[in-house]
Amino acid sequence: MSDLLDERTQELIAEFRQRYGAEPTTVASGPGRVNLIGEHTDYNDGFVLPVALQRDVRYVFRPRADRLVRVHSVEFGESFDFDLDAIAHNDAMLWTNYVMGVAWSLAVEGLTLAGIDAVMSGNVPRGSGLSSSAALEVATAQAFLAASGQLGVLDGATIARVAQRAENDFVGVNCGIMDQFISVLGAENHALLIDCRSLTYELVPMPAEAALVIGNTRASRSLASSAYNERRQECETGVALLRAELPNITALRDVSSAELEMHRTLLPEVVYRRCRHVVTENERVAQMVAALAGGDLVKAGALMNASHESLRVDYAVSSP
């Protein structure tokens, strides 16, 4: 992890020395992510194409000989201790539940962990749709695995599932698998094509001349998330109605644009438009992979524009 020994890590090491009076032994991190294309396809068993960011949650730490975990968060300005044999949800310091949840989830996986002393810091903006929570979970998992001498025991896909289970079942947030997957399995200068049904994945090289710029709209996440459950239900309704003519489908992933147009009269107009977004978005993901492989950035840009237009018009989850 020599690439992590930058000025930011040196500041964390200095904080560790001051706080614990000792030297940390290891650095671990988990990056944030942004999704290039494949919006609202994940819960429809479809395809997504995220990329990992050069912003991460980072730990400097050293193993302990006992089962005590001591963590200090630089951003929150808070410290928290817990015993790996007495993990309980903390309503007073919510960030700590992500740390404890990962420890709990690794134990569910059958691993015996060592305690650690750690200083943790993140520069992934929170609440901005860049998956700061997944970055924290993955960094925590990597830290516990390294401290326990168990790096390499779990493959990347399993670490992602461990992190997702922590968020779903311990923290209590119903998230998909994409964020944790890209945080663990992303690679520099690559996107990651993920099949959300089979959880198979493939690294997709980004053209060398391409640069990715992420803009902060400062729009509240609630504007998009408030319609989440409603959109899921509309998609499920669409599948149920389309089964009258397409009995073998189990999700919108199984429907082509041609089939949707052929049977659109089965659907109320709003449900049809929701389905049209998901079906065409899955097709755009495949087209994006081909465009990147061919270095066709004009086509890639057109697909991203089309994706947003579909989100605005058909899925109605955009904002001014």
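See the structure printed just above.
Predicted model, so just to flag it, every value in this text is computed and none were measured. (Residues numbered from 1 in each chain as written. Predicted model: local features only at pLDDT ≥ 70, side-chain atom pairs only at ≥ 80, totals over all residues. Heavy atoms only, no water.)

> Give me unusual backbone geometry: which residues, what numbers.
At Asp-45, a residue that is not glycine, the phi angle is positive and equals roughly 65°. Take Asp-45: it is sitting in the loop between β1 (26-37) and β2 (47-63). For Asp-45, a relative accessible area of 25% puts it in the partly exposed group. With a phi angle near 55°, Ala-316 is a residue other than glycine that sits in the positive phi range. As for its position among the elements, Ala-316 is in the segment after α10 (297-313). Since its relative accessible area comes to 38%, Ala-316 is described here as partly exposed. (Helix = DSSP H or I, 4+ residues; strand = E, 2+ residues; numbered from the N terminus. Buried < 20%, exposed > 50% of the residue type's maximum accessible area, 1.4 Å probe, protein only.)

> Kindly report on the layout of surface pockets, identifying the contributing residues and their values.
Put simply, the second largest pocket is a space of about 1,000 Å³. As for the second largest pocket, its lining consists of 33 residues, of which Ala-52, Leu-53, Gln-54, Ala-187 and Glu-188 are closest to the centre. Elements represented by at least two residues in the lining of the second largest pocket include exactly β1, β2, α3 (132-147) and α5 (178-185). It is β2 that contributes the most residues to the lining of the second largest pocket, seven residues altogether. (1 Å grid on protein atoms, 1.4 Å probe; cavity = no way out; pocket = protein on both sides within 12 Å on 5 of 7 lines; lining within 4 Å. Points joined across faces, edges and corners; volume = space filled by probe spheres on them.)

> Tell me about α5, and please be specific about residues and values.
In an α-helix, one turn spans 3.6 residues; hence positions three or four apart end up facing the same way. Most of α5 is tucked away: eight of the eight residues are buried. Here the buried face of α5 lies against β1, β2, α3, α4 (156-171), β6 (190-195) and β7 (201-205). (Contact = heavy atoms within 4.5 Å.)

> Explain the state of the cysteines residue by residue, including any values.
If you walk through the whole model with that rule in mind, you get zero disulfides. With no disulfide of its own, Cys-235 lies 5.7 Å from the sulfur of Cys-275, the closest cysteine sulfur. Exposure remark for Cys-235: the relative accessible area of 2% places this residue in the buried category. (Disulfide = S-S within 2.5 Å.)

> Just give me the short version of the nonpolar core, but keep the residues and values in it.
Within the largest apolar cluster, 67 residues are counted, with the highest numbers of intra-cluster contacts made by Leu-49, Tyr-59, Phe-82, Leu-106 and Phe-144. Of all the elements, α3 adds the most residues to this core, at nine residues. Ignoring sequence-local partners within four residues, the contact set of Phe-144 consists of Val-69, Phe-82, Leu-84, Val-99, Ala-103, Leu-106, Leu-113, Ala-114 and Ile-116. If you look at the next biggest cluster of nonpolar residues, it comprises 18 residues, including Tyr-43, Leu-242, Val-271 and Val-279. (Core = buried A, V, L, I, M, F, W, Y, C linked by side-chain atoms within 4.5 Å.)

> Lay out the pairing of β2 in plain terms, naming residues and giving numbers.
Relative to β2, β1 runs antiparallel, the two sharing 10 bridges. The partner of Ile-37 across the bridge, within β2, is Leu-49. Bridge analysis of β2 against β6 gives two bridges, and the strand direction is antiparallel. Residue pairing in the sheet places Val-48 in a bridge with Ile-194 of β6. (Pairing = 2+ DSSP bridges.)

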